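Chain by chain, the residues run as shown.
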Amino acid sequence: MSANLRRPLIAGNWKMNLDLRQSVELARALKDGLGQAGAEVAVCVPFTSIAVVGEVLKGSPIRLGAQDLHWEKEGAYTGEVSAGQLLDAGCRYVIIGHSERRRYFHESDEVVRKKLKAALAAGLWPIVCVGETLEERERQQTFNVLKRQVEALAGLAPAELSSLVIAYEPVWAIGTGKTATPEQAQEAHLFIRNAVAGHYGKDFAQALRLLYGGSVKAENIDSLMAQPDLDGALVGGESLKPVSFLRIIHFQAPARSGAR
Ligand code: 13P
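The structure reproduced in this document is the subject of the present report. Source: prediction; values computed, not measured. (Residues numbered from 1 in each chain as written. Predicted model: local features only at pLDDT ≥ 70, side-chain atom pairs only at ≥ 80, totals over all residues. Heavy atoms only, no water.)

Right, let's talk about the overall build of the chain for a bit. When its secondary structure is counted, the chain shows eleven helices and eight strands. The principal-axis extents of the C-alpha atoms in the chain amount to approximately 45 × 45 × 35 Å. For the chain, buried positions account for 52% of its 260 residues. Long-range pairs, those at least 24 residues apart, make up 74% of the contacts in the chain with a sequence separation of at least 6. When the accessible area of the chain is evaluated, it comes to approximately 11,800 Å², of which 53% is carbon and sulfur surface. Measuring between centres, the 30 positive side-chain charges of the chain sit 2 Å from its 29 negative side-chain charges. (Helix = DSSP H or I, 4+ residues; strand = E, 2+ residues; numbered from the N terminus. Buried < 20%, exposed > 50% of the residue type's maximum accessible area, 1.4 Å probe, protein only. Contact = heavy atoms within 4.5 Å. Areas by Shrake-Rupley, 256 points an atom, 1.4 Å probe, with all protein chains shown as cover. Lys, Arg positive; Asp, Glu negative; His and termini not counted. Charge placed at Lys NZ, Arg CZ, Asp CG, Glu CD.)

Moving on: the pattern of salt bridges. Pairing is possible between side chains that carry opposite charge, provided their charged atoms lie close to one another. Taken as a whole and assessed by the stated rule, the structure comprises 19 salt bridges. Close ionic contact of glutamate 40 with arginine 63 constitutes a salt bridge, the shortest N to O distance being 2.7 Å. Within this pair, whereas glutamate 40 is found in strand 2 (residues 40-44), its partner arginine 63 is found in strand 3 (residues 63-66), the two being separated by 23 residues in sequence. Here glutamate 40 ties to arginine 209 by a salt bridge, and the two come within 2.8 Å at their closest N and O atoms. Placement of the pair is glutamate 40 in strand 2 and arginine 209 in strand 7 (residues 209-213), with a sequence separation of 169 residues. One exposure class covers both glutamate 40 and arginine 209, and it is buried. Salt bridges here are not isolated pairs; linked through shared partners, they connect Arg6, Arg193, Asp229 and Asp231. (Salt bridge = Lys/Arg side-chain N within 4 Å of Asp/Glu carboxyl O.)

Here we come to the site of the ligand. Around the ligand, the neighbouring residues are Asn13, Lys15, His98, Glu169, Ala173, Ile174, Gly175, Gly214, Ser215, Leu234, Gly236 and Gly237. Between the ligand and glutamate 169 there is a distance of 2.9 Å, counted from an oxygen atom to a side-chain nitrogen or oxygen. By residue class, the composition of the shell around the ligand is three nonpolar, seven polar and two charged. (Near = heavy atom within 4 Å. Polar contact = N/O pair within 3.5 Å; in protein donor to acceptor, adjacent residues only side chain to side chain. Nonpolar A, V, L, I, M, F, W, Y, C, P; charged D, E, K, R; others polar.)

The next thing to look at is the side chain of asparagine 220. Tracing the sequence through the fold places asparagine 220 in the loop between strand 7 and helix 10 (221-225). Of the polar contacts made by the side chain of asparagine 220, one reaches the backbone nitrogen of lysine 217; its length is 2.8 Å. What asparagine 220 contacts, discounting residues up to four positions off in sequence, is Thr179 and Ser215.

Glancing now at the pairing of strand 1 (residues 9-13). For strand 1, the buried fraction is high: five of the five residues fall into the buried class. Side chains Leu9, Ala11 and Asn13 of strand 1 all project onto a buried face; the interleaved residues Ile10 and Gly12 project onto the opposite face, where all are buried too. Two elements, strand 1 and strand 2, share five bridges in a ladder whose sense is parallel. The residue bridging asparagine 13 from the neighbouring strand is cysteine 44, located in strand 2. Of the crossover connections in this fold, the one passing from strand 1 over helix 1 (residues 20-33) to the parallel strand 2 is right-handed. In the sheet, strand 1 pairs with strand 8 (residues 232-235) via four bridges, with the strands oriented parallel. In the strand pairing of strand 8, glycine 12 is matched with valine 235. (Pairing = 2+ DSSP bridges. Right-handed = clockwise from strand over helix to strand, strands pointing away.)

Take isoleucine 248: it is sitting in helix 11 (residues 242-249). Dropping the residues within four chain positions of it, isoleucine 248 is found in contact with Ile10, Val216, Lys217, Ala218, Ile221, Val235 and Glu238.

This is the structure in structure tokens:
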């Protein structure tokens, strides 16, 4: 499959923001303002907002997603939410292994893998996050970290993985206003694509969508999306602002034809 067949995906990660009223307002503004978008669009909202946002987005191509899940199907796991419950609530996408979860909730590669398997088994589309910290980058460990994080996704059945999306989110660029340069992002994306090819073959890797995340905004999305291995963005802070997020969705970059 050629790179042209990777339809860009612009996903918002609302993180732990917005009450119900604010969630409804933002979802409405996005739905009303979307127009004709070349990119696929998703919003990954807090658990508490899933139902109301799902209601607002009915009839809109904007897809609903969650920010985490538990790997078990059901049972005595107080505070957790399963893949089946997310699907039932109207979610299509789920973010897995965000650096904030790895950092504050000690999620290991093993946990990420378990969550990935659970999401795939339930039919949710996973957005798995990878990326190095500033310290790792400064110690020239970026590629080792990415290699290890991608390795944790190996050994699954490629057919099951067809919905997989990987987001490269350098931790030093998240919420800091420091974006990776388009060249830094491209270098990391190409590395990830090659690492995936090593596990799943070239065709699979060429069809895989790789998102960039970390201080994406209206001002930098065009130059990021001009890079050949960037297939979209996972947007935090700016996804809470409808005008900015809509501009990001309607990025200007060399045309990509077709859709996956
Ligand atoms: P910011 O866009 O706020 O830097 O957050 C990026 C992110 O973590 C998306 O998942």
